Amino acid sequence: AQKVTQAQTEISVVEKEDVTLDCVYETRDTTYYLFWYKQPPSGELVFLIRRNSFDEQNEISGRYSWNFQKSTSSFNFTITASQVVDSAVYFCALRIGGTSYGKLTFGQGTILTVHP
Amino acid sequence: SQTIHQWPATLVQPVGSPLSLECTVEGTSNPNLYWYRQAAGRGLQLLFYSVGIGQISSEVPQNLSASRPQDRQFILSSKKLLLSDSGFYLCAWSPPVSDTQYFGPGTRLTVL
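Q: Where do I start with the pattern of salt bridges in this structure?
A: Should their charged atoms come close, side chains of opposite charge can pair. In total, this model carries 6 salt bridges over all chains according to the counting rule given. One salt-bridge network, in which partners are shared between bridges, spans Arg51, Asp55 and Glu59 of chain A.

Here you go:
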């Protein structure tokens, strides 16, 4: 069975601080996909990034960066120079491969609050 | 571009009443469609998914059902709501050859 753990329930930072959201996953499959989603107060989940198990390259997109390490089964998300608009719940998710459909196994989410 | 719609946005229903939530996708053909539920303060749980018209797979046995009467329409139903059905219901779609799921705005259901 698959499992995603986001150990940080809530994080509070002051604007311009860097913050890292942790994600640890468990699966026995060798082909899998990892995702991060952002859920602002409006409720809609916004897709941020997708990574497959064969691509361990880290990725940077503006102030966002992701660190994928298969050796520790982690897929951490860092926001550099945080802003108030980054306040949201962030979810890490896992899907095993083999087909183009299938369920996402979500972590419990990390509530990020960025104070001005 | 593709868009996904859900309605209603909010719903308050008494215990024992029926339920019908609708999700439609525009700008794509033959999408994979999903229903998730998010209980307060928790992560998301997949309820149903569909890879085509009339094809429904259930992940969690419960008093909910799903139907896909048209290619881009996905409906979540219940004959009799329970208090435990309260939550935030999210519909998602993915292209037929991609695994990235894109979510709709959600329906907040309160059962009293």
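Now that the structure is up, let's keep going.
Q: So what exactly am I meant to see when it comes to the packing of aromatic side chains here?
A: The description of two aromatic rings rests on the distance between their centres and on the angle between their planes. In this structure the tally under the stated criterion is 22 aromatic pairs over all chains. The cationic tip of Arg108 of chain B hangs over the ring face of Phe88 of chain B; the distance from NZ or CZ to the ring centre is 4.2 Å.

Q: Mind showing me how you'd approach unusual backbone geometry here?
A: Excluding glycine, a negative phi dihedral is what most residues carry, and trans is how most peptide bonds are arranged. Following Trp7 of chain B, the chain continues into Pro8 of chain B via a peptide bond in cis, with omega recorded as 0 degrees. Mapping Pro8 of chain B onto the fold places it in the loop between β1 (3-7) and β2 (10-13). Phi at Lys16 of chain A takes a positive value of approximately 85 degrees, unusual for a residue other than glycine. The residue Lys16 of chain A is located in the loop between β2 (10-14) and β3 (19-21) in this model. Notably, Ser73 of chain A is not glycine yet its phi reads approximately 50 degrees, a positive angle. Secondary-structure assignment places Ser73 of chain A in the loop between β8 (64-69) and β9 (74-79). For Ser73 of chain A, a relative accessible area of 24% gives the class partly exposed.

Q: Explain the pairing of strand β9 (residues 87-94) of chain B here, please?
A: Regular strands have side chains that alternate between both faces of the sheet. Residues and elements named next belong to chain B. Burial of β9 is extensive: 8 of the 8 residues sit out of reach of the surface. Sheet analysis places strand β4 (residues 32-38) next to β9, joined by 7 bridges and oriented antiparallel. Bridge pairing in β9 links Tyr36 to Leu90. With 3 bridges joining them, β9 and strand β11 (residues 107-111) adopt antiparallel strand pairing. Residue pairing across strands places Phe88 opposite Arg108, the latter belonging to β11. Judged from the 2 bridges that link them, β9 and strand β10 (residues 102-103) form a sheet pairing that is antiparallel. Following the sheet pairing, Ala92 is matched in β10 by Phe103.

Q: Quick question: what am I supposed to make of the interface of chain B and chain A here?
A: The figure often quoted for interface size is the accessible area lost as the parts come together. Contacts between the two partners involve 24 residues from chain B and, on the opposite side, 20 residues from chain A. Counting the surface lost from both chain B and chain A, the interface buries some 1700 Å², and carbon and sulfur atoms represent 54% of this. Three residues, Leu44, Asp99 and Phe103 of chain B, lead the burial of chain B against chain A; their summed loss comes to 31% of the area buried on that side. The tally of links from chain B across to chain A stands at 1 salt bridge. Among the salt bridges present, the one from Lys103 of chain A reaches Glu59 of chain B, with a minimum N-O distance of 3.7 Å. Linking chain B with chain A are 4 residue pairs in polar contact (both at pLDDT 80 or more), by the criterion used here.

Conventions adopted
Residues numbered from 1 in each chain as written. Chains lettered and ligands numbered in written order. Predicted model: local features only at pLDDT ≥ 70, side-chain atom pairs only at ≥ 80, totals over all residues. Heavy atoms only, no water. Salt bridge = Lys/Arg side-chain N within 4 Å of Asp/Glu carboxyl O. Phe/Tyr/Trp six-rings, centres within 6.5 Å; stacked < 30°, edge-to-face > 60°. Lys NZ or Arg CZ within 6 Å of the ring centre and 35° of its normal. Helix = DSSP H or I, 4+ residues; strand = E, 2+ residues; numbered from the N terminus. Buried < 20%, exposed > 50% of the residue type's maximum accessible area, 1.4 Å probe, protein only. Pairing = 2+ DSSP bridges. Contact = heavy atoms within 4.5 Å. Buried area = accessible area lost by both parts, 1.4 Å probe. Polar contact = N/O pair within 3.5 Å; in protein donor to acceptor, adjacent residues only side chain to side chain.

Read these as layout, nothing more, since geometry by itself doesn't imply function.
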